[in-house]
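Per-entry structural report
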Amino acid sequence: RAARGLQAARAGLASSAGDPPLPEPGRMPSDEECRQVAAAIFGSHLGDGKRSGRKVMRRRLLGERLAAWYPKDFTQLDVMFDDPEVARRKAKSERLRRRGKAPPKKGEGKRSKR
C-alpha cells in the first residue's frame, strides 16, 4: 500500500505543469535536478549567469511615495491663486519688451532675418 501511495504521489507531483520530473526511486538525482526541484519548491529563479533585471522588477514601486513627498501645485488646487514667481517673470518680460530687449518670439530670431 505504501509503495502504491508513493507512486501515486510521485505521479501527481510530476504531472504538475512546468515542474521538473522527479528522479527514479533508488537513483541519486543530479545537481541540476536538485536545483530545479529546489527552485520549484522555493519559487526561486534558475538563471544562466546573465543579467536579467529580476531584482529590480521584484522591488516595490516608488511612484506613489515619490508623488506623496512633493507638495501639490497650488495653481491647480486654487484657480484664484497667483503664483508670485509667474507674476515676477511676466513683469520682467514686460519691462524688457518695452525697452526692446525682450527675447524674440519663436521664428523671429537673427537667422530668420537673412
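Residues numbered from 1 in each chain as written. Predicted model: local features only at pLDDT ≥ 70, side-chain atom pairs only at ≥ 80, totals over all residues. Heavy atoms only, no water.

In terms of regular secondary structure, the protein is built from seven helices and zero strands. Start at the N end of the protein and walk to the C end: the helices and strands fall as α-α-α-α-α-α-α. For the protein, the proportion of its 114 residues judged to be buried stands at 3%. Approximately 11600 Å² of the protein is accessible, and the part contributed by carbon and sulfur atoms is 56%. (Helix = DSSP H or I, 4+ residues; strand = E, 2+ residues; numbered from the N terminus. Buried < 20%, exposed > 50% of the residue type's maximum accessible area, 1.4 Å probe, protein only. Areas by Shrake-Rupley, 256 points an atom, 1.4 Å probe, with all protein chains shown as cover.)

Attention now goes to a nonpolar patch on the surface. A contiguous nonpolar surface patch, about 330 Å² in accessible area, is contributed by Phe74, Leu77 and Phe81. Tracing the chain through its elements places Leu77 in helix α5 (residues 74–77). Judged by relative accessible area, which is 60%, Leu77 ranks as exposed. (Patch = residues over 30% accessible without salt bridge, like charges linked within 9 Å, V, L, I, M, F, W, Y side chains within 5 Å. Salt bridge = Lys/Arg side-chain N within 4 Å of Asp/Glu carboxyl O.)

Attention now moves to helix α6 (residues 84–99). Its 16 residues give α6 an end-to-end C-alpha distance of 23 Å, which sits within 8% of 22 Å, the value for a rise of 1.5 Å per residue. Positioned one or two residues after α6, Gly100 has a phi angle of 80 degrees, which is positive. (Expected span 1.5 Å × (residues − 1).)

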